[in-house]
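# Residue-level structural notes
Letter by letter, the chains look like this.
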Amino acid sequence: MKLPIYCCWRPLVALMSVVFVAACDNNGDKVQPVVPPLTDTTYSADIVYTQYGIPHVTADDWGSLGYGSGYVAARANYCVIMRGIVDANGESARYFGDGGNLDLDLVMKLFNDEATAQRILATLPEFIQENLAGYAAGLNRYLDETGVENLAEGEEGCRNAAWVRTIDANDMVQRVHKQMLRASSDPLASFSVAASPDNKVAVALPAGVSAAKQLLATLDQETVTAAMDMPKGEQIGSNAYAVGAEASQTDSGILFGNPHFPWQGYERFFMFHLTLPGEYDVMGSALVGLPAPLIGFNRDVAWSHTVSTGSRFTFYELELNPENDMQYVYDGEIRDLEARTVSAGELQADGTVRTVEHTFYLSHFGPIVDLGTVSSLLAGWPNAVGTLLTYRDANLENLRGLEQWMRMGQATNLTEFKDALRSIGIPWVNTIAADRYGDALYSDISVVPNVPTAKYSSCIRGVLQTLLTERGYVTMDGSDSACEWDNDPNTPEGIFGYDNLPKLETRQYGANANDSYWLANPRHLLEGFSPIIGKEGVTQSIRTRHTFDQAERRLAGTDGLGAPGFNIDNIRQLHYGAANYAAQLIVADVVDICSGVSDWSSYSDNASTVAQACSVLADWDGTHQLESVGGHVFYEFWKDVRDVDNLWAVPFDAADPVHTPRELNTADSAVVEAVKQALAAGVDTLVAAGIPMNRPWGEVQFDEKNGERYGIHGGSGSMMFSVITSDLIDGEGYSAIEHGNSYIQAVTWDETACPDAYAILTYSQSTDPASPNYADSTQLYSSGNWIDMPYCQAARDAQEISRETIEE
């Protein structure tokens, strides 16, 4: 084990870089930290900037490495980082009013307050404490030398903002902790706040209708999915390949990773390179405001992440004491619910701040929730079934990932890399990795409640528990201690250990595109794991199928990209090809159908334009490259047709999950009619938006920065591998890009010591419109090019823009 090793001694200022006064001002604000006078240098970091604003930070200790990392991140995205701090502190509504999230603020006050942060910080390894304190000091340095009056302007700016302040290591813990809760207590916030014993009115059921029957009618999958804002599907996702020597044209592995994350806010990525000589040397990216690369590469190993299907919490159904609904039954005994009151500020229209107090009620599992927005039957205390729901969060106070990512970055081969995964700190993503020796890995080594298959089968009881579980939210009997989560040896309490989580170690390839672990390679299906981790033997998404279809065609050499097998060039071409897999499956049949319609007037008031759209689809090359014409016509059509019943002629076959279902079911007249209606509806949508049918994709989908439009290739993840998600804006096109392709990296190795690595950051490094790195990488992405990542010294020297040393 390499951590922690200290190359040299630097004076430490307790656990943090500042001393605090334990008091609040009259408005309840956290008093600003008082920086003590320093007689010696506490931090020192060397910074080299290379092309596209990539900083390379070198330091001799972990605190200084954090200091340099925080400073360069602040230069590019200070305001976005601070907005993340505000949200993590539970102060978004206080400063942004309706633009904040009061419910989430209250949950942050409950689970992520300063006392919690101090407690978590004290449990972290010393080098992580130093690193977080250093990062905070780097942010503070930038604020001090820039001044609040000179901070960035623009949509994500904070010039002269009241919420700008100096921060400390506790704030950094809160920022990281909130990110860890992204798939659990964070999206459950509104349900936790809604729960109140004062809400005694449950929905009255019609005479003769049981609660069970009514639940069956109201708890449909679409309603549940819409109500639960979990980070999966098209909300947030990723693609990744780990290619081993047997699938490579060389003896080395290849890693391709492409997270599909937001283009705005603090879940944007930031590229950087951190070096602690002799201990740590990683280049890659992290979400802005996090101190080290989460996705990246070193001299010998590269890795990426994709959002996993595993659950991060479980609901429990509580049987109430019929004499007192503030008590519940557990193993035949009565337990009291615990009340905890917190407060948060809320900005009013007149500029004053109202203090909002809220009382949460908790079982020993966690908060009581009211799922009234999922089904009216689940509102009230108790609900229409006569029970309450509560949940337990597996990621509460989990910051193990910080040390785990550091150790992953120190690995010199995949064996050491896998050993770093054993601490189970990664909160909600799969890990895909390859090394220079030709080994590859797919794994869902993440934090998942330890509910083995047998417990899953025995502890999900009754209609409500069954229905919620079937719709993706595991719900168990909260009255029986036998339904508590199990424990695995040498693993944090209540979660699955390394040996009980899915993984594929291979010399061929493994991949993931946000479906479950089951299909990591069509030759090696992973089976026999608990359903709480993911589903097995089910239809895969179009994007997952595209991910594997193009891999299989690459192995066979049938994709027009040359000899069989992957190399660093053709794996990048797969991405920039921007092929539409849904169109590959059905567009020829769609054209046959629409070409047979002589008069579209019964389908649309834009009959001639629908006929033109049919011709456009006939001539379309089936991609979403910038010069392609027809992608917008197919997309608007696809949105209407993709969920049509009996759409496919060949049904899903678990023995062939990549290529089934397939073939448009033209033998079904209802499907044929649905195709016609969907095409007409899609054309009507485009006409209403003022978008011509023959407009090239790069003029339909674009990102505008400082008045210049950059065409963006890629399209909806419902259709294809290369993902960009945007709403259609009248008169413009798909110009409101929300998320999709972000930090994309391709890494391999040759006989030299340096990795052969390429990357791109689609939206560019900086959110400051005045920065030279506000649009430069976006322009590069638009042109279909890559950054040759300067990992080694010679490459860094060749790309150097500037250098400096910062100290304090």
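### Looking at the pattern of salt bridges
The final tally for this structure, using the stated rule, is 29 salt bridges. The salt bridge involving Glu-484 is made with Arg-392; its shortest N-O contact spans 3.9 Å. In this pair, Glu-484 sits in the loop between strand S18 (475–477) and strand S19 (503–506) while Arg-392 sits in strand S15 (residues 387–393), placing the two residues 92 residues apart along the sequence. Comparing Glu-484 with Arg-392 shows no difference in burial state: the two are buried. In this structure, Arg-507 engages Asp-439 in a salt bridge whose closest nitrogen and oxygen atoms are separated by 3.1 Å. Placement of Arg-507 in the loop between S19 and strand S20 (509–512) and of Asp-439 in the loop between strand S16 (429–435) and strand S17 (440–443) is noted, with a sequence separation of 68 residues between them. A relative accessible area of 34% places Arg-507 in the partly exposed class. Owing to a relative accessible area of 30%, Asp-439 belongs among the partly exposed residues under this scheme.

### Quick word on the state of the cysteines
Per the stated rule, a full pass over the model turns up four disulfides. Note that Cys-79 is cross-linked by a disulfide to Cys-158, the S-S spacing being 2.0 Å. Because the sign of the S-S torsion sets the handedness, a value of about -70° for the bond joining Cys-79 and Cys-158 places this disulfide among the left-handed ones. In this pair, Cys-79 sits in helix H1 (residues 62–88) while Cys-158 sits in the loop between helix H5 (126–146) and helix H6 (169–180), placing the two residues 79 residues apart along the sequence. Residues Cys-79 and Cys-158 agree in their burial class; the two are buried. The disulfide partner of Cys-459 is Cys-483, and the gap between their sulfur atoms is 2.1 Å. Note on the Cys-459 and Cys-483 pair: the S-S dihedral is about -90°, so by sign convention the disulfide is left-handed. With Cys-459 in helix H12 (residues 453–459) and Cys-483 in the loop between S18 and S19, the pair connects residues that are 24 residues apart, well separated along the chain. Taken individually, Cys-459 and Cys-483 each receive the classification buried, so the pair is uniform in this respect. Disulfide partners in the protein chain, listed by the sequence order of the bonded cysteines, are 1-2, 3-4, 5-6, 7-8.

What counts and how
Residues numbered from 1 in each chain as written. Predicted model: local features only at pLDDT ≥ 70, side-chain atom pairs only at ≥ 80, totals over all residues. Heavy atoms only, no water. Salt bridge = Lys/Arg side-chain N within 4 Å of Asp/Glu carboxyl O. Helix = DSSP H or I, 4+ residues; strand = E, 2+ residues; numbered from the N terminus. Buried < 20%, exposed > 50% of the residue type's maximum accessible area, 1.4 Å probe, protein only. Disulfide = S-S within 2.5 Å.

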